[in-house]
Amino acid sequence: MTPVTRQEVLGLYRKIFRIAKKWQSASGQIEETIKEKDYIKNEAKTLFRKNKNVTDPKLIKQCIEECEARIEIGLHYNIPYPRPIHLPPMGLAHKQGRTLRRQEKLRKISKPIYLKSHDEVS
């Protein structure tokens, strides 16, 4: 990891914890605020620790973009949790075969950048 990339990653990590420190839930309830602050901190720790050994520059860039997208969406909608995606269900494919693999591939490709690592952790 280049020094510039390292600084960018550490800056994002610090930014997330600053956001968590100042976070106020949309409902305004203290219990909800504490719960959301803890979620933000735990999610950041989990994802950053999971990706600490990544060395591929393209993958690092992708992780940085995902982090920035999740920060912006969280601040914009005032929710720390990833927004759900609305894709059509895979009800048309058979349980196995080429059609199912094709639909799974399409779902994977159409997944927004801010949810790339969400299913792997949750």
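See the structure printed just above.
From a predicted model like this one, the values you see are computed outputs, not experimental measurements. (Residues numbered from 1 in each chain as written. Predicted model: local features only at pLDDT ≥ 70, side-chain atom pairs only at ≥ 80, totals over all residues. Heavy atoms only, no water.)

Details of the nonpolar core
Keep this limit in mind: Throughout this description, the term nonpolar core refers to a set of buried Ala, Val, Leu, Ile, Met, Phe, Trp, Tyr and Cys residues connected via side-chain atoms within 4.5 Å. Note on exposure labels: buried denotes an accessible area under 20% of the residue type's maximum, exposed denotes more than 50%, and partly exposed covers the range between, all computed with a 1.4 Å probe on protein chains only. Note on conventions: DSSP H or I runs of at least 4 residues are helices, E runs of at least 2 residues are strands, and numbering of each starts at the N terminus. Two residues qualify as a contact provided that any one of their heavy atoms is within 4.5 Å of a heavy atom in the partner residue.
Judged by nonpolar contacts, the single largest core of 13 residues is most densely connected at Leu 12, Ile 16, Ile 40, Ile 64, Cys 67 and Ile 71. For this core, the secondary structure elements donating two or more residues are helix H1 (3-22), helix H2 (30-50) and helix H3 (57-77). Top contributing element to this core by residue count: H1, with five residues. Setting aside residues no more than four positions away along its own chain, Ile 40 makes contact with Ile 16, Ala 20, Trp 23 and Pro 80.

Details of the state of the cysteines
The cut-off we apply is this: Only a pair of cysteine sulfur atoms within 2.5 Å qualifies as a disulfide here.
The tally for this structure, following the rule as stated, stands at zero disulfides. Of all cysteine sulfurs in the structure, the one in Cys 67 sits closest to Cys 63, which takes part in no disulfide; the separation is 9.2 Å.

Thoughts on a positive patch on the surface
Stated precisely, the cut-off is as follows: Nonpolar side chains (Val, Leu, Ile, Met, Phe, Trp, Tyr) are joined into patches within 5 Å and like charges within 9 Å, using only residues with over 30% relative accessible area and no salt bridge. In these tables, accessible area is a Shrake-Rupley quantity obtained with a 1.4 Å probe, and a residue counts as shielded only by the protein chains included in the view. Throughout this description, the term salt bridge denotes a Lys or Arg side-chain nitrogen within 4 Å of a carboxyl oxygen of Asp or Glu. In this count, Lys and Arg are taken as positive residues and Asp and Glu as negative ones, while His and the chain termini are left out. Charge positions are represented by NZ for Lys, CZ for Arg, CG for Asp and CD for Glu.
A cluster of basic residues, Arg 14, Lys 15, Arg 18, Lys 21, Lys 22, Lys 41, Lys 45, Arg 49 and Lys 52, forms a positive patch on the protein surface. Contributions of two or more residues to the positive patch are made by H1 and H2. With five residues, the single largest contributor to the positive patch is H1. Tracing the backbone shows Arg 49 in helix H2. The exposed category is assigned to Arg 49, whose relative accessible area is 60%.

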